[in-house]
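Architecture at a glance
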Amino acid sequence: MAEHFSKRGQVELLRQHGFVVVPGLLPAERCEAIKQAARTELAPPQGPVEFEADLRYPGAPQSHAAPGGNTVRRLLDAYARNALYRQWATSTAIRNWMELYFGEHVALSRAHHNCMMTKHPTYGSLTGWHRDVRYWAFEREDLVSVWLALGTETVENGALWFVPGSHAVDFAPERFDKAKFFRADVPENAALISTAVSPVLNPGDVVFFHCNTLHSAGKNLTDDVKFSLVFTYHGVSNAPVPGTRSAAKPEVPL
Ligand SMILES: O=C(O)CCC(=O)C(=O)O
């Protein structure tokens, strides 16, 4: 936790470790209002959503017809779908933090993350080790995501795990599988994975993490859905590559 650090100190921790937890960035009542909005959008599912059965990560229903087949994994395009989400994404706190990190004006990518992650009991899947940049295309691999916990996040309900320092490692391509997951069966990879940590988050806590930081998340073994709001930012000089998915939606300058 980086509560005793100045913003500059937090940015330095992100540079060193590839992630940093900043507690209490959003008051509990604002988190509750956002979570309520997400609950409403889930039942029944409204707007663009990604289902667990679409991705079929380990533990997900195998089809929409299977039990739990309509379990939502993400409420997509969070920026466009709700003013409460948008206000957080474009808040002064986030803009100032990102400008300090990137050293220039920043933009929010509507093509990546930009979602409310909903990890459900029973049918919510686990996510293997990966770097987010695997499907992203920007001039430089330098983007930062902001993961806002709307409730408590622990290993038990499927919190994130991070490998400290992994954002700065140059891995040979064969250390990843065809889907660009980091292969846990490779001994050097397993050694690195054994150094991973899973920070406990409370409502309103935030994790800033680099697009090259190895991370994963387990299943939700509790009875409650876990809600996390996630957005990704980059410096304006780091443009998405034209013609790629990263350039498919207009950027939001902050
Ligand atoms: O909550 C999860 O399962 C992990 C999500 C994640 O790592 C991602 O979307 O990049």
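Residues numbered from 1 in each chain as written. Predicted model: local features only at pLDDT ≥ 70, side-chain atom pairs only at ≥ 80, totals over all residues. Heavy atoms only, no water.

Section: the overall build of the protein
- If you tally the helices and strands in the protein, you get seven helices and twelve strands.
- In terms of C-alpha radius of gyration, the protein reaches 17 Å, essentially the compact-globule figure of 18 Å for 254 residues.
- Referenced to the eigenvectors of the C-alpha coordinate spread, the extents of the protein come out at roughly 50 × 45 × 40 Å.
- Every one of the 254 residues in the protein was classed for burial, and the buried ones make up 52%.
- For the protein, the accessible area works out to roughly 11,100 Å², and carbon and sulfur atoms hold 56% of it.
- The protein carries 25 positive and 26 negative side-chain charges, and their two centres are separated by 3 Å. (Helix = DSSP H or I, 4+ residues; strand = E, 2+ residues; numbered from the N terminus. Rg over C-alpha atoms; globule rule 2.2 N^0.38 Å. Buried < 20%, exposed > 50% of the residue type's maximum accessible area, 1.4 Å probe, protein only. Areas by Shrake-Rupley, 256 points an atom, 1.4 Å probe, with all protein chains shown as cover. Lys, Arg positive; Asp, Glu negative; His and termini not counted. Charge placed at Lys NZ, Arg CZ, Asp CG, Glu CD.)

Some thoughts on the packing of aromatic side chains
- Enumeration over the complete set of coordinates arrives at eight aromatic pairs.
- Note on phenylalanine 162 and phenylalanine 209: the rings are 5.4 Å apart at their centroids and 55 degrees apart in plane angle, and the pair reads as tilted. Taken together, the positions of phenylalanine 162 in strand E8 (residues 160-162) and phenylalanine 209 in strand E9 (residues 206-210) put the pair 47 residues apart, joining distant regions of the chain. Neither residue differs from the other here; phenylalanine 162 and phenylalanine 209 are each classed as buried.
- Lying across the ring of tyrosine 79, arginine 86 places its NZ or CZ 5.8 Å from the centre. (Phe/Tyr/Trp six-rings, centres within 6.5 Å; stacked < 30°, edge-to-face > 60°. Lys NZ or Arg CZ within 6 Å of the ring centre and 35° of its normal.)

Here's the deal with the site of the ligand
- If you check the shell around the ligand, you find Arg74, His113, Met117, Lys119, Thr127, His130, Asp132, Trp147, Leu160, His215 and Ala217 and nothing else.
- Between the ligand and lysine 119, the relevant distance is 2.7 Å, taken from an oxygen atom to a side-chain nitrogen or oxygen of the residue.
- Between the ligand and threonine 127 there is a distance of 2.5 Å, counted from an oxygen atom to a side-chain nitrogen or oxygen.
- If you list the elements that add at least two residues to the shell around the ligand, you get strand E5 (115-119), strand E6 (127-130) and strand E10 (215-217).
- Within the shell around the ligand, the residues separate by chemical class into four nonpolar, four polar and three charged. (Near = heavy atom within 4 Å. Polar contact = N/O pair within 3.5 Å; in protein donor to acceptor, adjacent residues only side chain to side chain. Nonpolar A, V, L, I, M, F, W, Y, C, P; charged D, E, K, R; others polar.)

Some words on the packing of helix H1 (residues 7-17) against helix H6 (residues 92-102)
- Put simply, H1 and H6 touch, their axes get as near as 10 Å, and they point 55 degrees apart. Overall, the two elements H1 and H6 adopt an arrangement that is oblique. Where H1 crosses over H6, the two elements pack in a sense that is right-handed. Of the residues in H6, those touching H1 at Lys7, Arg8, Gln10, Val11, Leu14 and Arg15 are Asn96, Trp97, Leu100 and Tyr101.
- By residue class, the composition of the contact of H1 with H6 is five nonpolar, two polar and three charged. (Axes fitted to C-alpha atoms, helices over the stretch in contact; angles between N-to-C directions. Parallel < 35°, antiparallel > 145°, perpendicular 65-115°, else oblique. Left-handed = near helix turned anticlockwise from the far one by under 90°. Contact = heavy atoms within 4.5 Å.)

Quick word on the environment of aspartate 177
- Its location among the elements puts aspartate 177 in the loop between E8 and helix H7 (187-193).
- Residues aspartate 177 and histidine 130 lie 47 residues apart in sequence; the distance between their C-alpha atoms is 9.9 Å.

Section: the sheet that holds E8
- Reading across the sheet, the three strands line up as E6-E10-E8 and stay open at both edges, with antiparallel pairing between neighbours. Looking along the sheet, the strands with just one partner apiece sit at the ends: E6 and E8. Going across the sheet, the axis of each strand differs from the next one's by a mean of 15 degrees, ignoring polarity.
- Strand direction decides the pairing type here: E8 and E10, joined by three bridges, are antiparallel. Bridge pairing in E10 places tryptophan 161 opposite serine 216. (Pairing = 2+ DSSP bridges.)

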